Amino acid sequence: MIKHKILSYKVKRGQKKNEFLHQAYPYNKLKKVGVIFSFDDLKKHEAVKKFIKTLKADGIEVTALAYKPKDTQNFEFYFDFFEDRDFGFFGGVNNPYFQRFLNQKLEYLFCLDDTLNLYMQYLLVHSKTDARIGAYQPTEQQASFFELMIKPKASGDTKILTEEIIHYVRKISGNN
């Protein structure tokens, strides 16, 4: 499909332009972070809600955006989301949530998908963030989307991934 080829090109071009110094923040100094993920199932949905609740309880402003694949359910309509149809033939984005998310300055961007689809890659490359954090990616090409990757004890379990992300981000910044 031409749309996917154009988006793939935009991702590769964005990766080449992403030549800036990434910054790490002490966890207790974080002010605003982003969370991106794909709707998969109710278990993942609940894990993401708990992750965001933990961040907010620590005084961090959180903005979240979800990708809703075709034929999946949007549980509770709790999160702003976008779909395939929000991308035009030439890769233009026609979704106000997506545009608003890209225009925000974020200190950290957390990606909670184990495997990165083209839309997550696009968000990771084009977001205004100082550090991108997500699940371990086995290939160098996929790993290039992140400054910090976490390899959870159980692959495919978003609850464990989010708990380990919080643990390591706190530990790295000296906040246990």
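Within each chain, residues carry numbers counting from 1 in the order of the written sequence. For this predicted model, a pLDDT threshold of at least 70 governs which residues receive local features, and a threshold of 80 or more governs which side-chain atom pairs are given and counted, while totals over whole chains, interfaces and linings are taken from all residues. Remark: hydrogens and water are excluded; side-chain values derive from all non-hydrogen atoms of the structure.

Let us now look at the overall build of the protein chain. Helix and strand assignments follow DSSP, with helices taken as H or I runs no shorter than four residues and strands as E runs no shorter than two, numbered in order from the N terminus. Each helix and strand in the protein chain was counted, giving 6 helices and 6 strands. Projected onto the principal axes, the alpha-carbon positions of the protein chain cover approximately 45 × 40 × 30 Å. Evaluated residue by residue, the protein chain yields a buried proportion of 52% over its 176 residues. With the model as given, the accessible surface of the protein chain reaches about 9500 Å², and the carbon-plus-sulfur share is 53%. Each charge sign in the protein chain was given a centre, from 28 positive and 21 negative side chains, and these centres are 4 Å apart. Relative accessible area decides the class of each residue, using a 1.4 Å probe on protein chains only: under 20% of the type maximum gives buried, over 50% gives exposed, and in between gives partly exposed. What sets the accessible areas is the Shrake-Rupley method with a 1.4 Å probe; for residues, cover comes only from the shown protein chains. Charge counting follows a simple rule: Lys and Arg are positive, Asp and Glu are negative, and His as well as the terminal groups are ignored. Positions of charges follow a simple convention, taking NZ of Lys, CZ of Arg, CG of Asp or CD of Glu.

Okay, the pairing of strand β4 (residues 105-111) next. For β4, the tally of buried residues reaches 6 of 7 residues, placing the bulk of the element in the interior. Think of it this way: DSSP has to see at least two bridges between two strands before they count as a pair. Alignment of strand β1 (residues 32-38) against β4, held across 4 bridges, turns out to be parallel. Residue pairing for β4: Val33 is matched across the bridge by Tyr108. As paired strands, β4 and strand β5 (residues 128-135) are joined by 6 bridges and run parallel to one another. Its bridge partner lying in β5, Cys111 is registered against Gly134. With the strands pointing away from the viewer, any crossover whose connection runs clockwise from the first strand over the helix to the second is right-handed. Following the chain from β4 across helix α4 (residues 118-126) to the adjacent parallel β5, one finds a crossover that is right-handed.

A few words now on the sheet that holds strand β2 (residues 61-67). The strand order across the open sheet built from 6 strands is β3-β2-β1-β4-β5-β6, with neighbouring strands paired in parallel fashion. The outermost strands of the open sheet, each flanked by one partner alone, are β3 (80-82) and β6 (148-150). Averaged over all pairs of adjacent strands, the angle between strand axes in this sheet comes to 25°, irrespective of strand direction. Sheet contacts for helix α3 (residues 96-103): β1, β2, β3, β4 and β5; angle to β2, the most-contacted strand, approximately 135°. The sheet strands contacting helix α6 (residues 158-172) are β4, β5 and β6, and the helix crosses β6 at an angle near 135°. The axes are straight lines fitted to the C-alpha atoms, using for helices just the contacting stretch, and the angles between their N-to-C directions are given from 0 to 180°. It only takes one pair of heavy atoms within 4.5 Å for two residues to be counted as in contact.

Two elements in contact, α3 and α4, have axes separated by 9 Å at closest approach and are oriented at 35°. At the point where α3 passes α4, the crossing takes the right-handed sense. Seen from α3, the contacting residues are Phe98, Phe101 and Leu102; seen from α4, they are Tyr122, Leu123 and His126. Here the residues of the contact of α3 with α4 are counted per class, giving 5 nonpolar, 1 polar and no charged. Note on convention: near helix rotated counterclockwise from far helix by under a right angle means a left-handed crossing. Clockwise means right-handed. For this classification, Asp, Glu, Lys and Arg are treated as charged, while Ala, Val, Leu, Ile, Met, Phe, Trp, Tyr, Cys and Pro are nonpolar and the rest, including Gly, are polar.

Treat this as a map of the structure, not an account of what it does.
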